[in-house]
Amino acid sequence: MATAIHGHLHKRRRVCSAAVPVAVAPIDSLADELLFLVLDRVAAADPRALKSFALASRACHAAESRHRRVLRPYRADLLRAALARYPTAVRLDLTLCPRVPGAALAALSSAPMPSLRAVDLSRSRGFGAPGLAALVAACPGLADLDLSNGVDLGDAAAAELARARGLQRLCLSRCKPMTDMGLGCIAVGCPDLRELTLNWCLGITDLGVQLLALKCKKLRTLNLSYTMISKDCLPAIMKLPNLEVLALAGCVGIDDDALGGLENECSKSLRVLDLSTCRNVTHTGVSSVVKAVPNLLELNLSYCCNVTPSLGKCFQMLPRLQTLKLEGCKIMADGLKYIGISCVSLRELSLSKCSGVTDTDLSFVVSRLKNLLKLDITCNRNITDVSLAAITSSCPSLISLRMESCSHFSSEGLRLIGKRCCHLEELDITDSDLDDEGLKALSGCSKLSVLKIGICMRISDEGLIHIGKSCPELRDIDLYRSGGISDEGVTQIAQGCPMLESINLSYCTEITDVSLASLSKCAKLNTLEIRGCPSVSSAGLSEIAIGCRLLAELDVKKCFAINDVGMLFLSQFSHSLRQINLSYCSVTDIGLLSLSSICGLQNMTIVHLAGITPNGLMAALMVSGGLTRVKLHAAFRSMMPPHMLKVVEARGCAFQWIDKPFKVEQERCDIWQQQSRDVLVR
């Protein structure tokens, strides 16, 4: 570490004359600005190295304390010490702490944090109104608070939040006990709110929303999806002078009648409107909204109404529309054609799972949308290479193309993507006829960061090697059930893509521990799926645990050679692990108990583990205080003491009991692919 710092300092002083000797300053004498610069580069390369930097000297320890802005403690009991160590932190991320007792938040009252502006408790439970009161009192500068999934937070908690008068962003998703009374307290106490999320707050009605609109005039983003509001509150919402984003997804009380009365009320500042899954809205209601919001940039009508010619024509009143989402909609004759005529400024178009899309219509649309950057045609099974040729020739600037399960595209057609769309950053061609020549062509897309090529039976290591050599920015690759892939291809990806964060190798049965050893060099890897890979063992998993300290999600189902040794390594090194699937592995009580030491572990699937006993399972569940969801075989339900299960459930853990027969044999990929294509897409 010291060598790297001295080398950087030497480069900064090359301007000095070569004849004059330059003394290299010790680390302790470097200015904070230079130390902070080094810290930024260290964190970008490997966040784990920050701890090593802090241990280099007293000056490095002090500099790291002053520089850290984001805190992510593993345990709630470490919260007070972490805040004392990093007094200038501005963001507190508690998503690794599934349980944050009110006492932990109450301890903050003895150590006020005036610099703290953002707190994320979206994955945490165990606290209530008293804990939030302590948090608000200790953080006078609090401006951003995420309490998503606070299923136990009601009006008393809202009353305490109302004391945070500087709040600008508040997320209360799924806080179902909250009513209009609690929302009223927030509206009166937090007049500076800019962004408020209330989706799935089932206790909120028109009365609370009307008061909110009256008191919080600075609101720019409001999410009321899946609430019980009706047309009565819409006029008040639309009078908000600064409202830019409005989400009304799944609101059954919103219908054509509600939208029809907005023509003279709608806010001219509105830029984004989400009406997805509003089943009572037809093209008539959408037409009313379109007339009232001429400056709309994004419109989401997914699973909402049929796309008719009249609907397509009304979009002519939205000359600036850039994003149109029509997922799951039924495309009527000429409906898509009029979208192409009316929406020439579109940058993003989603036709995922739409019925009625034809080659003729899609080719016409893309020929008109010369500025299109993102296109989603997932599960459009009736389109062919005719559409693909039109897409690649008309939209060469595409950065995102999603076309999973478009089964009528040929390998020759798929090659056009790599030859013509060299700016692609995201590509999903799962379940396609892609071959190695197609992968070679795709390697020309050097900016790819997301590549999903699962269930592509014709690709092999030969094609994957081209991707590894040419796409250094790749962060997410999905090779699910691509049976022709082996260690050679995975190794090339690991070596050529150092920024890799997620890889899915499930049912790639030829990979071994060699693949895991190569992936262990990808320090940023956080998601690893190797389900159904029988040749990997605990030896390879131990390499992953040691090298990939950011690992958060792991699926090793049907990896029969993974046993307690792998679990011991995970418990020692994988402190960021939140989710794991161990079904059918060779893990016993010993391995399961060792996993219980991972404080952030929230989700476990442990169906069909022959080495697990009821006593061992119960012991592990009692020790693992952070679990929020456990999937178990139903046979265990009658073997464990009911009162102990209730204790675990009282801590916030939900059990899912699975009654499935034991099945080890692997399903052949080609059979699975044919079965998937036979499924009716609605």
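Residues numbered from 1 in each chain as written. Predicted model: local features only at pLDDT ≥ 70, side-chain atom pairs only at ≥ 80, totals over all residues. Heavy atoms only, no water.

Draft legend 1. Seen up close, the overall build of the protein. Helix and strand counts for the protein come out as 28 helices and 24 strands. Relative to the globule expectation of 26 Å for 682 residues, the C-alpha radius of gyration of the protein, 28 Å, shows essentially globular dimensions. Oriented by its inertia axes, the alpha-carbon framework of the protein measures out at about 80 × 70 × 60 Å. A buried classification covers 54% of the 682 residues belonging to the protein. Sequence-distant contacts in the protein: of pairs separated by 6 or more residues, those separated by 24 or more amount to 73%. With the model as given, the accessible surface of the protein reaches about 27,900 Å², and the carbon-plus-sulfur share is 53%. When the 75 positive and 66 negative side-chain charges of the protein are each reduced to one mean point, those points stand 6 Å apart. (Helix = DSSP H or I, 4+ residues; strand = E, 2+ residues; numbered from the N terminus. Rg over C-alpha atoms; globule rule 2.2 N^0.38 Å. Buried < 20%, exposed > 50% of the residue type's maximum accessible area, 1.4 Å probe, protein only. Contact = heavy atoms within 4.5 Å. Areas by Shrake-Rupley, 256 points an atom, 1.4 Å probe, with all protein chains shown as cover. Lys, Arg positive; Asp, Glu negative; His and termini not counted. Charge placed at Lys NZ, Arg CZ, Asp CG, Glu CD.)

Draft legend 2. Region of interest: the layout of surface pockets. Here the second largest pocket defines a volume of roughly 380 Å³. Lining the second largest pocket are 17 residues, with Arg123, Arg125, Asn149, Gln602 and Thr628 sitting closest to its centre. When the residues that make up the lining of the second largest pocket are grouped by side-chain class, the tally is two nonpolar, nine polar and six charged. (1 Å grid on protein atoms, 1.4 Å probe; cavity = no way out; pocket = protein on both sides within 12 Å on 5 of 7 lines; lining within 4 Å. Points joined across faces, edges and corners; volume = space filled by probe spheres on them. Nonpolar A, V, L, I, M, F, W, Y, C, P; charged D, E, K, R; others polar.)

Draft legend 3. Looking closely at the packing of aromatic side chains. Within the structure shown, the criterion is met by four aromatic pairs. An angle of 85° between the planes, with centres 6.0 Å apart, marks the rings of Tyr480 and Tyr507 as edge-to-face. Here Tyr507 lies in the loop between strand E18 (502-504) and helix H22 (513-519) and Tyr480 lies in the loop between strand E17 (476-478) and helix H21 (487-496), a separation of 27 residues in the sequence. Residue Tyr480 is classed as partly exposed on the basis of its relative accessible area of 21%. Relative accessible area serves as the criterion here: at 10%, Tyr507 is assigned to the buried category. (Phe/Tyr/Trp six-rings, centres within 6.5 Å; stacked < 30°, edge-to-face > 60°.)

Draft legend 4. Just unusual backbone geometry, in detail. At Thr277, a position not held by glycine, the phi torsion is positive, near 60°. Following the sequence through the fold, Thr277 ends up in the loop between strand E9 (272-274) and helix H13 (283-292). Relative accessible area serves as the criterion here: at 24%, Thr277 is assigned to the partly exposed category.

Draft legend 5. Here's a closer look at the side chain of Ser225. With respect to the element layout, Ser225 can be found in the loop between strand E7 (221-223) and helix H11 (234-238). Within the structure, the side chain of Ser225 is placed 2.9 Å from the side chain of Asn223, a separation counted as a polar contact. Once you skip the residues sitting within four places of it in the chain, Ser225 turns out to touch Leu198, Asn199, Trp200, Ala247, Leu248, Ala249 and Cys251. (Polar contact = N/O pair within 3.5 Å; in protein donor to acceptor, adjacent residues only side chain to side chain.)

Draft legend 6. Geometry of empty space enclosed by the protein. If you walk through the whole model with that rule in mind, you get one cavity of 30 Å³ or more. Considered as a void within the structure, the largest cavity measures approximately 70 Å³ in volume. Taken together, Ser124, Arg125, Gly126, Phe127, Asn149, Gly150, Val151, Asp152 and Leu153 make up the full set of residues lining the largest cavity. Split by residue class, the lining of the largest cavity holds three nonpolar, four polar and two charged.

Draft legend 7. Up close: the pairing of strand E23 (residues 629-633). Bridging between strand E22 (residues 603-605) and E23 involves three bridges; their strand directions are parallel. Looking at E23, one finds that Met604 is bridged to Val630. Remark: the E22/helix H26 (residues 614-623)/E23 crossover connection has right-handed handedness. With five bridges joining them, E23 and strand E24 (residues 654-658) adopt parallel strand pairing. Bridging across to E24, His633 finds its partner in Ile658. Once the chain exits E23 it traverses helix H27 (residues 642-650) before rejoining the sheet at E24, and the crossover so formed is right-handed. (Pairing = 2+ DSSP bridges. Right-handed = clockwise from strand over helix to strand, strands pointing away.)

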